[in-house]
Amino acid sequence: MQWSDIHEIAAALYDKYPDVNPLMVRFTDLHNWVVDLDGFDDDHLRGGEKVLEAIQMAWIEETK
């Protein structure tokens with residue numbers, strides 16, 4: 001997975017943390033959770049705020 005795989009990351013986060021409200025996750029924690037996902041192999045430093053916001057929004061959609 002790469003940072004650009006927003007929806008794949010969101011689905012993986014939903015599967016790994018089904019009881020977590022994405023709106024309550026700090027971006028520092030979200031960043032760490034993404035880079036710790038199985039199959040994530042992108043540069044850890046590339047996950048900036050805009051990417052994390054997009055992941056958070058996609059994760060929210062996964063919870064609906």
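Details of the structure are given in the entry above.
Residues numbered from 1 in each chain as written. Predicted model: local features only at pLDDT ≥ 70, side-chain atom pairs only at ≥ 80, totals over all residues. Heavy atoms only, no water.

So, the nonpolar core
The tendency in soluble globular proteins is for nonpolar side chains to be buried side by side.
Then step 1. I9, L13, L30, V34, F40 and I55 are the most contacted members of the largest nonpolar core, which has 17 residues in total.
Then step 2. Counting only elements with at least two residues in this core, the list comes to α1 (6-16), α2 (27-35) and α3 (49-62).
Then step 3. Once residues lying within four places of it in the same chain are set aside, the contact partners of I9 are M1, Q2, W3, V34, L37, F40 and I55. (Core = buried A, V, L, I, M, F, W, Y, C linked by side-chain atoms within 4.5 Å. Buried < 20%, exposed > 50% of the residue type's maximum accessible area, 1.4 Å probe, protein only. Helix = DSSP H or I, 4+ residues; strand = E, 2+ residues; numbered from the N terminus. Contact = heavy atoms within 4.5 Å.)

Some words on a nonpolar patch on the surface
Then step 1. Together, L23, M24 and M57 line one region of the surface with nonpolar side chains, adding up to about 360 Å² of accessible area.
Then step 2. Relative to the assigned elements, L23 resides in the loop between α1 and α2. (Patch = residues over 30% accessible without salt bridge, like charges linked within 9 Å, V, L, I, M, F, W, Y side chains within 5 Å. Areas by Shrake-Rupley, 256 points an atom, 1.4 Å probe, with all protein chains shown as cover. Salt bridge = Lys/Arg side-chain N within 4 Å of Asp/Glu carboxyl O.)

Some points on the side chain of Q56
Then step 1. Structurally, Q56 is set in helix α3.
Then step 2. Here P22 takes part through its backbone oxygen, which lies 2.9 Å from a polar atom of the side chain of Q56.
Then step 3. Not counting residues up to four positions away in its chain, the partners in contact with Q56 are P22, L23, V25, F27 and L30. (Polar contact = N/O pair within 3.5 Å; in protein donor to acceptor, adjacent residues only side chain to side chain.)

What to know about the pattern of salt bridges
Then step 1. By the definition in use, this model includes three salt bridges.
Then step 2. When the shortest N-O distance is used, the salt bridge between D29 and R26 registers 3.4 Å.
Then step 3. Among the residues examined, D29 registers a relative accessible area of 25% and is labelled partly exposed.

Description of the packing of aromatic side chains
Then step 1. Counted according to the given criterion, the structure contains three aromatic pairs.
Then step 2. Taking the centre distance of 5.0 Å and the plane angle of 75° together, the rings of W3 and F40 count as edge-to-face. Here W3, found in the segment before α1, pairs with F40, found in the loop between α2 and α3; they are 37 residues apart in sequence, far enough to count as distant. By the burial criterion, W3 is buried, and F40 matches it.
Then step 3. Ring geometry for W33 and W59: centres 6.3 Å apart, planes at 65°, overall edge-to-face. Of this pair, W33 sits in helix α2 while W59 sits in helix α3, and the two are 26 residues apart along the sequence.
Then step 4. Ring pairs connect the aromatic residues Y17, W33 and W59, which therefore count as one cluster. (Phe/Tyr/Trp six-rings, centres within 6.5 Å; stacked < 30°, edge-to-face > 60°.)

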